Amino acid sequence: MANVSIPLPRNGFSIPNCSTKRPCFTPSASTLRISCSGVAELDGPQNKGGLFNFNGIKSVACGILAACAVTSAAFPVTAATQRLPPLSTEPNRCERAFIGNTIGMANGVYDKPLDLRQCDFTNEKSNLKGKSLSAALMSDAKFDGADMTEVVMSKAYAVGASFKGVNFSNAVLDRVNFEKADLEGAVFRNSVLSGSTFDNAKLDNAVFEDTIIGYIDLQKLCTNKTIGDEGRAELGCR
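Procedures and definitions
- Residues numbered from 1 in each chain as written.
- Predicted model: local features only at pLDDT ≥ 70, side-chain atom pairs only at ≥ 80, totals over all residues.
- Heavy atoms only, no water.
- Helix = DSSP H or I, 4+ residues; strand = E, 2+ residues; numbered from the N terminus.
- Buried < 20%, exposed > 50% of the residue type's maximum accessible area, 1.4 Å probe, protein only.
- Contact = heavy atoms within 4.5 Å.
- Phe/Tyr/Trp six-rings, centres within 6.5 Å; stacked < 30°, edge-to-face > 60°.
- Disulfide = S-S within 2.5 Å.
- Polar contact = N/O pair within 3.5 Å; in protein donor to acceptor, adjacent residues only side chain to side chain.
- Salt bridge = Lys/Arg side-chain N within 4 Å of Asp/Glu carboxyl O.
- pLDDT = per-residue confidence, 0-100.

A. Representation of the overall build of the chain in the model. On a plain count of helices and strands, the chain comes out with 3 helices and 5 strands. What you see in the chain, going N to C, is helices and strands ordered as β-β-β-β-α-β-α-α. With 238 residues in all, the chain has 45% of them scored as buried. Contacts spanning at least 24 positions in sequence make up 33% of the contacts within the chain whose residues lie at least 6 apart.

Okay, here's the thing in structure tokens:
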């Protein structure tokens, strides 16, 4: 598995005399490494030739990964400290997933919470594809067998949700809390998982081909014992 590794400071960084044509970083003593699977390797203080071409979503996703890695280092996702609002009593609140958030996108900004808790989207094959579900509340919801390709779920709260067999190909799943979620057989092909947590999640037979994930996040993910040998090989777990 080939990787792009970008050293970033864990506690902050400065960008002196830089431009879009010549980016540069001045890392602090403690740095955060970012790894994008499926591409050529870049390492060290020099950029060894400058620009790399990425295919499809990788051209955008690695940029998102760098920004999210710095953010997630300072603001980790923790279920213990997150206070949730009461369950929405809005009629047809579950159907709002078919519209998604119309503002905020990956920033997770919204005019009203997207409350999908306890909703059932089992085998939904068309209405969730490509939707923006940023900052959605998904705990205890069921998405088993759903097609969620190209969905944006930045900062979603999916503790205890069920995503068995869900297709997350080309999805942006950064900073999602998947604690205790059932992700058996989920497909994360070419998806962004930077900053997301999988504490006590079920990941049996999950597919991680060309997944984009931060180096520290990868180390944490690889500690999940439910990931099979094939999944561990795709992630590059050691």
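Now, onward.
B. View of the packing of aromatic side chains. Summed over all chains, the structure comprises 10 aromatic pairs. Ring geometry for F178 and F198: centres 5.1 Å apart, planes at 20 degrees, overall stacked. In this pair, F178 sits in the loop between α1 (58-74) and β5 (212-214) while F198 sits in the loop between α1 and β5, placing the two residues 20 residues apart along the sequence. Among the aromatic residues, those joined into a cluster by ring pairs are F98, F121, F143, F163, F168, F178, F188, F198 and F208.

C. Geometry of the state of the cysteines. Throughout the structure, instances matching the rule amount to 2 disulfides. Through a disulfide, C94 is tied to C119; the S-S separation comes to 1.9 Å. Measuring handedness by torsion sign, the sulfur bridge of C94 and C119 sits at about -80 degrees and is left-handed. One end of the pair, C94, is in the loop between α1 and β5; the other, C119, is in the loop between α1 and β5, with 25 residues separating them in the sequence. Here C119 falls in the buried class, since its relative accessible area comes to 2%. Paired by a disulfide, C222 and C237 hold their sulfur atoms 1.9 Å apart. Negative torsions about the S-S bond denote left-handed disulfides, and the value of about -80 degrees found for C222 with C237 makes this one left-handed. You can see C222 sitting in the loop between α2 (215-221) and α3 (229-235) and its partner C237 sitting in the segment after α3, a full 15 residues away along the chain. Considered together, C222 and C237 belong to a single accessibility category, that of buried residues.

D. Region of interest: the side chain of D174. As for its placement among the helices and strands, D174 is situated in the loop between α1 and β5. On the accessibility criterion, D174 (0% relative accessible area) is buried. Within the structure, D174 has its side chain in polar contact with the side chain of S154 (distance 2.5 Å).

E. Structural context of the pattern of salt bridges. The full count for this structure, using the stated rule, is 5 salt bridges. In this structure, R117 and D115 form a salt bridge, with 2.7 Å as the shortest nitrogen-oxygen distance. Each of the two residues, R117 as well as D115, counts as buried. Among the charged side chains, a network of salt bridges with common partners joins R93, D115 and R117.

F. The arrangement of the environment of E150 in detail. Mapped onto the secondary structure, E150 falls in the loop between α1 and β5. Sequence separation between E150 and N170 is 20 residues; the distance between their C-alpha atoms is 4.8 Å. With residues up to four places along the chain from it excluded, the contact list for E150 reads G130, S169, N170 and A171.

G. Structural detail: the environment of G160. Relative to the assigned elements, G160 resides in the loop between α1 and β5. Exposure remark for G160: the relative accessible area of 31% places this residue in the partly exposed category. With 22 residues separating them along the chain, G160 and D182 place their C-alpha atoms 7.1 Å apart. Other than its neighbours up to four places away in sequence, G160 contacts D140, E179, K180 and A181.

H. Seen up close, the confidence of the model for the chain. Of all residues in the chain, 62% have pLDDT values of 70 or greater, and the mean over the chain is 76. Per-residue pLDDT, averaged within each element of the chain, yields its smallest value for strand β2 (residues 13-14) (38) and its largest for α3 (96). Throughout residues 66-80 the model reports pLDDT below 50, and contacts reaching past four residues in sequence, or to other chains, amount to 23 contacts.

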